[in-house]
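Chain by chain, the residues:
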Amino acid sequence: MKLLLIIAGIALGWAMPIEAQPGGSREIIPFDAGWKFTRGDNKNARQKGYNDAAWRTLDLPHDWSIEGENLQSEPGGGNVGYFPTGIGWYRKTFDHPLPGGQKQIRIEFDGVYENSEVWINGVYLGKRPFGYASFSYDLTKHLTPKRNVVAVRVDNSRQPNSRWYSGSGIYRHVRLVATEPVHFEPWGIFSYTKEAGEGRALLTVEAAVINDRSEAIDKVTVRNVLYKEGVEIASTRSSLRLEARAKETVHQEIAVGNPLLWSVEHPHLYTLVSYLYIDDRETDCERRDIGLRTIRYTADGGFFLNGERVKMKGVNLHHEAGAVGAAVPERVWERRIEILKSGGCNAIRTAHNPPAPEFLDLCDRLGMLVMDEAFDEWLAGKREYSYQLYCAEWYEEDLRMMIRRDRNHPSVVMWSIGNEIPDQSTPEGPALAHRMIDICHSLDPTRPVTSGNDNIAATKNAATEAFLSAFEEDIIGYNYPDRYRERRELLYAIDKARYPNRKVVGTETGGIGGSRAPLPPRPGATRFRRAATLAAQLIDVEQRWKYTLLNDYVIGDFMWTGIDYYGETFWPARGATSGYLDNCGFRKDGYYFFKSIWTDEPVVHLATHWNRPGEEGQVIPVICFTNCNEVELFVNGQSYGMKTFEFPRTGNTEDWITYAPDKVFTSTADLHLAWDVIYQPGEIKAVGRKDGKEYMCRVVTTGEPAKLRLTADRTEIKAHPSDVVHITVEVTDKDGHPVPYADNLIRFETMGEAARLIGVESGNFYDLSSVKSHQRRSFGGMCLAIIQASGAGTFTVRATSEGLEASEVKITAVEP
């Protein structure tokens, strides 16, 4: 039953501090620390009195797969990067957090991969198959004052069940939440901007209130307050009668004067605090950061944010993050999003599952649009033990979870209910698509729904008209829109003519991946030049991006992928190199291509190294990514000529012979420049000119490896599990030039009690050594160490390598 109560809030002109914090009426109790863990199965581990003294003690989040050895014999195979899977148990002993009180206590899991089963004091609470679901259980009636035991069995043994690295374990956060019997429903508060413009925004808030008491309550008051940096901006309140064992939804509106709207460039956030009172006594309180913004999609104009057209320049990302596996500290994701955004990326598709809640918090704060995706499979499967086994029973609950959990994030601008779903060509597919779309709209009427369809225009197993028509009022997602026949050149144009009212987005498309550095020759491998393969990759990518940028109706494009990832590979590699960043977050050549077409910041980048022994006198193709108007290339001071660049090309202005003063007569229709040069050791240099300024990229033939250079992304971090420092190691010659072929073994040492090394990587997927060791071979002259601080203090990270000059960096850890 819903009760409609609409009371406009009034903007206030004086400072009012936030009057209460969650933790009074509502207690949120961190529950990540001090768990016991073991690999393997033991049915007795569910019992309260089981002796787990010999088990390993650890803190969550935890991924046991990333700790193991890559073996060709692993049952998950190349799907999961040859990492181990299996069964694991977790146990935690704890005293009642609020003994003697009347509060209800539930345990919340943000994600367990997969097939988790939970017991409290030997009592079975339930099972959740989907490894990306957030879920909770009520502990209240099972708790005792002392020594309660929660036990969790995680079963990731049925392989293969994923097409990419999944990780194994309780890999996301866990907490206890204590509320009074009259409280807000979990994920029951939904806020969205109804309108914004002309110095005013209208925020709608729907709050579901639950009465778990056995008697009715005559007056329950819901008060919503909007704060900006601790100052009350506007508020509203309304009251209702709440029957026994009942739920009511209150609808309110808050008028906000002169709002600061959330956008990609300016991700302004407000804090919405929802209070619940009985007779003026607070019984619950929730707070969340929200953004005021409007979104709109049209068949001809594409996507509009706050009334302004925005082209989605997107990437697909999996949920793992290199050396930390699937248990990702927030700072690791923060750094990755910052690097993506520095290259002009403004959108992420969460391929192909709901992300961690804190990932969306970061996207809110950093100004990144999100396509939030639910599933990689429905009823028809892709792997033997994957979601197809659970879809019929669980898809509604899993989908509702994602929508309810994530719908308050301003960064989320579109839902996706599937990726390359085989059901797109089955008789059952259309009805299931309609059902899922209806669920999305019933829980969130503000965002459209799509799915990534890879078989539009396919010869075999083509997506049916009935299936695609389910999305006609929403958005049709195209995976690889240029894949089939004449669509290589025409892309969306064929369907635009047939279906003029269709809204379209490139949900998954080809990118510019490949290895960041030259790989050593492998037996049977064909030797090829990087520049040649890069030029081939560029043809399709450039064609598609010209079309996407020049046609307003194309909402945007999400390339595969933004970052390299574990899995989806063949022995002896651990992962796929389709990203334009490697899995350390180091930039590849493709990063600079996209930055040159996605941003106005001047770019001049030579996609080559200049260490080519044995190739003296040979013709070398050299590619330059730039958005400068002209670039001149030099080899050892000798010019190879000036080339010009303009995109989009402009035509005449006032009459047939008149051009704008800044018209560039481009020397190519490509989105890059290229020269063929004679290789000579020394220096190759590109000098770009734009708006009267010069920009240069210089690459030299380096000497032999001589020393190490360490840089930290920050020199001060918080002593908290969510925070880390990234230490980049470069192998340089005696003059400090990075050596592009260096593969020296780097050893890391941390000096100081506060430091803990949690992962090392280089981006070389053929290096099968453990990412949890204290050493790693550099790849392309680089590698990465990730350090966590266990307490406040100063510590030193030192890198050494035989025959090279060592380097170190000092880091300060402060209390959060």
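Just so we're clear, the structure is a prediction, and the values are computed from it rather than from any experiment.

Participant: Before we move on, could you go through the overall build of the protein chain and cite the residues and values that matter?
Facilitator: Scanning the protein chain for helices and strands turns up nine helices and 47 strands. Its C-alpha radius of gyration of 28 Å places the protein chain within 12% of the 28 Å reference for a compact globule of 816 residues. Overall, the protein chain is about 90 × 70 × 60 Å in size when its C-alpha atoms are taken along their principal axes. Across the 816 residues of the protein chain, 60% fall into the buried class. Contacts in the protein chain between residues at least 24 apart in sequence constitute 73% of all its contacts with a sequence separation of at least 6. Surface summary for the protein chain: the accessible area is close to 32,000 Å², and the carbon and sulfur share equals 50%. Treating the 95 positive side-chain charges of the protein chain as one cloud and the 110 negative ones as another, the clouds have centres 2 Å apart.

Participant: Explain the sheet that holds strand 47 (residues 807-814) to me, and be specific about the residues and the numbers.
Facilitator: Spatially, five strands are ordered 40-47-46-42-44 in an open sheet, and the strand pairing comes out mixed. Edge strands, defined here as strands with exactly one partner in the open sheet, are strand 40 (716-718) and strand 44 (775-777). Taken over all neighbouring pairs, the strand axes of this sheet differ in orientation by 30° on average, direction set aside. Relative to strand 47, strand 46 (residues 793-800) is paired through seven bridges, and the arrangement is antiparallel.

Participant: Requested: an account of the environment of Gly-793, with residues and values cited.
Facilitator: Within the fold, Gly-793 resides in strand 46. Remark: the alpha-carbon pair of Gly-793 and Val-814, spanning 21 residues in sequence, is separated by 6.6 Å. Discounting residues that sit within four places of it in the chain, Gly-793 has contacts with Ile-811, Thr-812 and Ala-813.

Participant: A description of the nonpolar core should follow, citing residues and the corresponding values.
Facilitator: Ranked by internal contacts, the top residues of the largest apolar core, which has 116 residues, are Leu-340, Trp-378, Leu-399, Tyr-580 and Phe-594. Ignoring anything within four residues of it in the chain, the contact list for Leu-340 reads Val-315, Leu-317, Cys-345, Ile-348, Met-368, Gly-562, Ile-563, Tyr-580 and Leu-581.

Participant: Describe the pattern of salt bridges, naming the residues involved and giving the relevant values.
Facilitator: One pass over the full model with this rule turns up 57 salt bridges. Its salt-bridge partner being Arg-331, residue Glu-334 comes within 2.8 Å of it at the nearest N-O pair. Here Glu-334 pairs with Arg-331, and both are found in helix 1 (residues 330-342), just three residues apart, close to one helical turn. Judged on exposure class, the residue Glu-334 and its partner Arg-331 are both buried. By sharing partners, the salt bridges in this structure join Arg-331, Glu-334, Glu-338, Arg-365 and Asp-713 into a single network.

Participant: Describe the packing of aromatic side chains, and please don't skip the residues or the numbers.
Facilitator: What characterises a pair of aromatic rings is the spacing of the ring centres plus the angle enclosed by the ring planes. Scanning the entire structure with this criterion turns up 38 aromatic pairs. A centroid spacing of 5.0 Å and a plane angle of 40° characterise the contact between Phe-190 and Tyr-192, whose relative ring orientation is tilted. On the basis of an interplanar angle of 55° and a centroid distance of 5.8 Å, the ring pair of Tyr-566 and Phe-765 is categorised as tilted. Residue Tyr-566 is found in strand 30 (residues 565-566), and its partner Phe-765 is found in the loop between strand 43 (755-761) and strand 44; the two are separated by 199 residues along the sequence. The same class applies to Tyr-566 and to Phe-765, which are both buried. Every member of this aromatic cluster is reached through a ring pair, and the members are Trp-545, Tyr-580, Tyr-591, Tyr-592, Phe-593, Phe-594, Trp-598 and Phe-625. Taking the ring centre of Trp-333 as reference, the NZ or CZ of Arg-336 above it sits at 5.6 Å. It is Arg-502 that lies over the ring of Tyr-499; its NZ or CZ is 3.9 Å from the centre.

Participant: I'd like a rundown of the pairing of strand 37 (residues 683-690), residues and numbers included.
Facilitator: Of all eight residues in strand 37, six are buried, a share of seventy percent or more. The pairing of strand 34 (residues 630-635) with strand 37 spans six bridges and is classified as antiparallel. The partner of Val-631 across the bridge, within strand 37, is Gly-688. As paired elements, strand 37 and strand 38 (residues 693-700) share eight bridges and run antiparallel to each other. When the sheet's bridge partners are listed, Lys-690 is paired in strand 38 with Lys-693.

Participant: How would you summarise the environment of Ala-54 if you had to cite specific residues and measurements?
Facilitator: Relative to the helices and strands, Ala-54 is located in the loop between strand 3 (35-39) and strand 4 (56-58). Judged by relative accessible area, which is 79%, Ala-54 ranks as exposed. Separated by 442 residues in the primary sequence, Ala-54 and Lys-496 place their C-alpha atoms 64 Å from one another.

Participant: Before we move on, can you summarise the sheet that holds strand 37 with the specific residues and values?
Facilitator: Spatially, four strands are ordered 35-34-37-38 in an open sheet, and the strand pairing comes out antiparallel. The sheet is open, and its two borders are formed by strand 35 (638-644) and strand 38, each paired with just one other strand. Direction aside, the axes of adjacent strands within the sheet are offset by 15° on average.

Participant: So what about helix 1? Which residues, and what values?
Facilitator: Between its terminal C-alpha atoms helix 1 stretches 18 Å, which fits the 18 Å expected from 13 residues at 1.5 Å a residue. If you follow the buried residues of helix 1, they end up packed against strand 22 (312-317), strand 23 (347-350), helix 2 (357-366), helix 9 (589-598), strand 41 (724-732) and strand 45 (782-789). Immediately downstream of helix 1, the backbone of Gly-344 shows phi near 100°, a positive value.

Reading the values: the criteria
Residues numbered from 1 in each chain as written. Predicted model: local features only at pLDDT ≥ 70, side-chain atom pairs only at ≥ 80, totals over all residues. Heavy atoms only, no water. Helix = DSSP H or I, 4+ residues; strand = E, 2+ residues; numbered from the N terminus. Rg over C-alpha atoms; globule rule 2.2 N^0.38 Å. Buried < 20%, exposed > 50% of the residue type's maximum accessible area, 1.4 Å probe, protein only. Contact = heavy atoms within 4.5 Å. Areas by Shrake-Rupley, 256 points an atom, 1.4 Å probe, with all protein chains shown as cover. Lys, Arg positive; Asp, Glu negative; His and termini not counted. Charge placed at Lys NZ, Arg CZ, Asp CG, Glu CD. Pairing = 2+ DSSP bridges. Axes fitted to C-alpha atoms, helices over the stretch in contact; angles between N-to-C directions. Core = buried A, V, L, I, M, F, W, Y, C linked by side-chain atoms within 4.5 Å. Salt bridge = Lys/Arg side-chain N within 4 Å of Asp/Glu carboxyl O. Phe/Tyr/Trp six-rings, centres within 6.5 Å; stacked < 30°, edge-to-face > 60°. Lys NZ or Arg CZ within 6 Å of the ring centre and 35° of its normal. Expected span 1.5 Å × (residues − 1).

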